[in-house]
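# Notes for the structure review
One letter stands for each residue in the lines below.
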Amino acid sequence: MKKWVSMVGCSLLFLTWMLPVNAEEGTALKRKPLYQADVRIDPIKKEVAGTVTITFWPKDPTRAYLHLYPNVFTEEHQGMLWEELLGNGPTLGSYTNKKLLVDGVAVVGKQIKDLNILEVPLEGQAGLRKIVMEFEMTLPRNDGRMSYDDQSIWLGNWLPVLAVYDKEGWHLDPYEPVGDPFYSENADYEVNVTLPKDYQLASTASDRAAKQLSTSEGEKTIQLDAENVRDFALVVMDDSYQQTETKVGETVVRTWWRKTDDSATAEQIHEAAAKSLAYFHHQLGAYPYTEYDVVRTGGAINGMEYPALVFLDGRHFFAGEETGIVTVVHETAHQWFYGLLGNNQVKEAWLDEGFTEYVTLSYLSQQDPLLGAERVRRRLAQGTSVQYYVAEELRPWQALSAFPDNQSYSDLVYSRPSSMLWLLQGAWGEERVHDVLKQYVEKYRYQVVTGKEWGAFLSEMAGEDASAFLDYWLKVDMSQQEQAAAWLERQRLKHQKK
């Protein structure tokens, strides 16, 4: 496996940080972490082993924390939500940290078991630091984001990733079985993958442009590079997979499916991915990556978003199945809300799911009015019927751990915020709402946004305080219902006068 040259890496990082940063990229890009990994994947044994080097500027000079998400699946979990996530009869995996270095010196990390987090001591030095960790894992088998079947291995949230330290301090959240329990900042990735010659892969990187570094008997090593991404996901596929691709602007959209899948359904999914990417590119701002992969996996995750790559489970590829169209549009919209515009998905999941579902409704309403109207009707019904949630003191603006089931999560995190934005569209018109969303994405592109910042931005765009409107819809504060309705009516009248 290729060994990284630290002098070159540091020089590149120095140049990257010292060059002027475009205004639209924001200050978060000035000191991005760099993840460099050499990994070997054995699709037969279902094993992954390698080394990851993380070069970064710590905000806390005494320690760093790494999320080791694969550790979650090395022990059994009980409860309805875990059963829904993992499926029937899941098998456990294994995960081992074999070596840990900080700036070339061996250190002892502290495993925070319940959180599946590794604390790495930094000994109080200031400036650029480098963590090297060697790991080995055997993949678990379940219905979730990191698993396998006979034809593929899908690796979501598999590499160690730095925990976020922001103005609130460290975010060391556990892996919840509801929602997407992840919070990460943008970084650059250089990942060398060694795998058998007969296997294919799709990843967050631009795989079509990837270099094949070396070959040996029965193996190949591929260099994968991705800039300004929030995570790095990967799928390894055998020769039962085929693909189709379409150029959308500067981006090649590729959809991967199996020869045993229904080809007409796969083509419909691919067409929806390409058309919706073009739509969101126009409505929300430029898509920056040169490749976007939609990959059919096993399991039952439905759909899962990663930068420049999304998973769709195999149930969407049956003949006559139409759920894949809606799912791939939703996951494509996540390329903006979660990907380009980050948020704390553990504490404010509505910020990506609600906005993603709103623009999904907008696309479907334009592309297929009957399908769009039914989807809007269902979301409005779920998003406005909140008497039960008021009694249970549940709301969209709460942490994942507060949701007792996936139905409440769907109703409150997807349906209620998207209903809020749909009604705002009724007052402002689609063109105005989408113009505001484009400005919002542009302002916080590649950064992390909070619900408080969205509230301030909306108030600025509306020309008046939007707190009552947001408190009613996102905190289900029924005392603000009349004020929220009055705010919306004032916005409607203001828009009509223009």
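Values in this document were obtained by computation on a predicted structure and should not be read as measured data.

## Some words on the UniProt feature "domain: Peptidase M1 membrane alanine aminopeptidase" (unreviewed entry) in the protein chain
Those places that UniProt annotates as "domain: Peptidase M1 membrane alanine aminopeptidase" (unreviewed entry) correspond, in this numbering, to residues 272–473. Secondary structure across residues 272–473 divides into 60% helix and 8% strand, with the first and last C-alpha atoms of the span separated by 30 Å.

## Details of the packing of helix α5 (residues 350–367) against helix α6 (residues 369–384)
Packing of α5 against α6 brings their axes to within 6 Å, and their N-to-C directions diverge by 150 degrees. Note that α5 runs across α6; the crossing there is left-handed. Contact residues: Glu357, Leu361, Leu364, Ser365, Gln366 and Gln367 in α5; Pro369, Leu371, Gly372, Arg375, Val376 and Arg379 in α6.

## A word on the packing of helix α8 (residues 406–428) against helix α12 (residues 481–497)
Running from N to C, α8 and α12 point in directions that differ by 35 degrees, and their axes come no closer than 7 Å. Across the interface between the two elements, Leu423, Leu424, Gly426, Ala427 and Trp428 of α8 pack against Trp487, Leu488, Gln491, Arg492 and His495 of α12. The residue inventory of the contact of α8 with α12, partitioned by class, reads six nonpolar, three polar and one charged.

## Structural notes on the packing of aromatic side chains
Applying the stated rule across the entire model yields 33 aromatic pairs. When the ring of Tyr95 is compared with that of Phe135, the centres are 6.1 Å apart and the planes differ by 15 degrees; the resulting orientation is stacked. Of the two residues, Tyr95 sits in strand β4 (residues 94–102) while Phe135 sits in strand β8 (residues 129–138), which places them 40 residues apart along the sequence. Here Tyr95 falls in the buried class, since its relative accessible area comes to 11%. Here Phe135 falls in the buried class, since its relative accessible area comes to 0%. Taken together, a centroid distance of 5.2 Å and an interplanar angle of 50 degrees make the contact between Tyr306 and Phe311 tilted. Relative accessible area serves as the criterion here: at 0%, Phe311 is assigned to the buried category. The ring of Trp428 has Arg432 lying over it, and the distance from NZ or CZ to the ring centre is 4.9 Å. Here the basic side chain of Lys475 rests over the ring of Trp397, its NZ or CZ set 5.0 Å away from the ring centre.

About the thresholds
- Residues numbered from 1 in each chain as written.
- Predicted model: local features only at pLDDT ≥ 70, side-chain atom pairs only at ≥ 80, totals over all residues.
- Heavy atoms only, no water.
- UniProt positions renumbered as here; feature names shortened; annotations may be inferred.
- Helix = DSSP H or I, 4+ residues; strand = E, 2+ residues; numbered from the N terminus.
- Axes fitted to C-alpha atoms, helices over the stretch in contact; angles between N-to-C directions.
- Left-handed = near helix turned anticlockwise from the far one by under 90°.
- Contact = heavy atoms within 4.5 Å.
- Nonpolar A, V, L, I, M, F, W, Y, C, P; charged D, E, K, R; others polar.
- Phe/Tyr/Trp six-rings, centres within 6.5 Å; stacked < 30°, edge-to-face > 60°.
- Buried < 20%, exposed > 50% of the residue type's maximum accessible area, 1.4 Å probe, protein only.
- Lys NZ or Arg CZ within 6 Å of the ring centre and 35° of its normal.

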